[in-house]
Amino acid sequence: MMMQTLEQMRAHHALDKIREIENNCDEDTRQKFVSYVESLPADIIANGLGQAAATLLARAKGNEHDAHYLLYRALKDWLCRDDPEGRAPYGGEDDLMAAIVNCDRAVYLRAQAETLAWLEWLKKFAVAFFRRE
């Protein structure tokens, strides 16, 4: 089995999510997704991971096809993934919001830092694949 660095895993996961959206969403949703991905890091830095994630859910208004929800789900998939090496802050959790509010401060801060590192890749790929100037 091929061993990958955490950085490679972030890039791989982000690219998979971008391809999913590319194959399953219309142009309008893709453009909104890029915009939301670009603004999420600043939102996390200003308000924290929990507030930023809750805002994505609130703005999606229960619509799983909304770009806010697609971004939330991609984030959940990354932070809650099964990771035998324990590098996923909320590994194996089903509910990202519950994991965020129930964890201790150290795990929360690790999840926030991990989110920002993963978002660098997601943002690069979203802009490269979807941005229409």
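Heads up: the structure comes first, above all this text.
Here's what I pulled together on the structure shown here. In this text, all values refer to a predicted model and were calculated from it rather than measured experimentally. (Residues numbered from 1 in each chain as written. Predicted model: local features only at pLDDT ≥ 70, side-chain atom pairs only at ≥ 80, totals over all residues. Heavy atoms only, no water.)

A tally of helices and strands in the protein chain yields six helices and zero strands. Reading the secondary structure of the protein chain in the N-to-C direction produces α-α-α-α-α-α. Taking 2.2 N^0.38 as the reference for a compact globule, 133 residues should give roughly 14 Å; the C-alpha atoms of the protein chain span a radius of gyration of 14 Å, in line with that estimate. Seen through its principal axes, the protein chain has C-alpha atoms that stretch 40 × 40 × 25 Å. Burial analysis of the protein chain (133 residues in total) assigns 44% to the buried set. Within the protein chain, contacts between residues at least 6 apart in sequence are counted, and of these 66% link residues at least 24 apart. Summing over all exposed atoms, the protein chain offers an accessible surface of approximately 7,400 Å²; the carbon and sulfur share of this is 51%. Placing the 17 positive and 22 negative side-chain charges of the protein chain at their respective mean positions leaves the two points 3 Å apart. (Helix = DSSP H or I, 4+ residues; strand = E, 2+ residues; numbered from the N terminus. Rg over C-alpha atoms; globule rule 2.2 N^0.38 Å. Buried < 20%, exposed > 50% of the residue type's maximum accessible area, 1.4 Å probe, protein only. Contact = heavy atoms within 4.5 Å. Areas by Shrake-Rupley, 256 points an atom, 1.4 Å probe, with all protein chains shown as cover. Lys, Arg positive; Asp, Glu negative; His and termini not counted. Charge placed at Lys NZ, Arg CZ, Asp CG, Glu CD.)

The next point concerns the side chain of Arg10. With respect to the helices and strands, the residue Arg10 is situated in helix H1 (residues 6-24). Judged by its relative accessible area of 10%, Arg10 is buried. A polar atom in the side chain of Arg10 sits 2.7 Å from the side chain of Glu114. Not counting the four nearest positions on each side in its chain, Arg10 is found in contact with Trp78, Glu114, Ala117, Trp118 and Trp121. (Polar contact = N/O pair within 3.5 Å; in protein donor to acceptor, adjacent residues only side chain to side chain.)

On to the pattern of salt bridges. Under the definition given, this model contains 11 salt bridges. Two residues, Arg81 and Asp83, come together in a salt bridge whose shortest N-O distance is 3.5 Å. For the residue pair Arg81 and Asp83, the accessibility class agrees, reading buried in each case. Residue Arg87 pairs with Glu85 through a salt bridge whose shortest N-O separation is 3.4 Å. (Salt bridge = Lys/Arg side-chain N within 4 Å of Asp/Glu carboxyl O.)

The terminal C-alpha atoms of helix H2 (residues 27-47), which comprises 21 residues, lie 29 Å apart, in line with the 30 Å expected from a rise of 1.5 Å per residue. Considered for burial, the residues of H2 that qualify are Thr29, Arg30, Gln31, Phe33, Val34, Tyr36, Val37, Leu40, Pro41 and Ile44. Summarising the contacts, the buried residues of H2 are in contact with H1, helix H3 (49-60), helix H4 (67-79) and helix H6 (105-130). Two residues or fewer past H2, Gly48 is found with a positive phi of approximately 95°. (Expected span 1.5 Å × (residues − 1).)

Okay, the packing of H3 against H4 next. In a pair of packed helices, the angle between the axes and the distance between the axes together describe the arrangement. Where H3 meets H4, the axes come as close as 7 Å, and the angle between the chain directions of the two elements is 140°. Put simply, H3 runs oblique to H4. In the packing of H3 onto H4, the handedness of the crossing is left-handed. Residues Leu49, Ala53, Leu56, Leu57, Arg59 and Ala60 of H3 touch H4, and the partners they reach there are His68, Tyr69, Leu71, Tyr72, Leu75 and Leu79. (Axes fitted to C-alpha atoms, helices over the stretch in contact; angles between N-to-C directions. Parallel < 35°, antiparallel > 145°, perpendicular 65-115°, else oblique. Left-handed = near helix turned anticlockwise from the far one by under 90°.)

In this structure, Phe33, Leu71, Tyr90, Leu96, Trp118 and Leu122 are the most contacted members of the largest nonpolar core, which totals 40 residues. Those elements giving two or more residues to this core turn out to be H1, H2, H3, H4, helix H5 (96-102) and H6. Per-element accounting of this core gives the leading share, nine residues, to H4. Contacts of Trp118, omitting those with residues within four sequence positions, involve Arg10, His13, Ala14, Ala74, Leu75 and Trp78. (Core = buried A, V, L, I, M, F, W, Y, C linked by side-chain atoms within 4.5 Å.)

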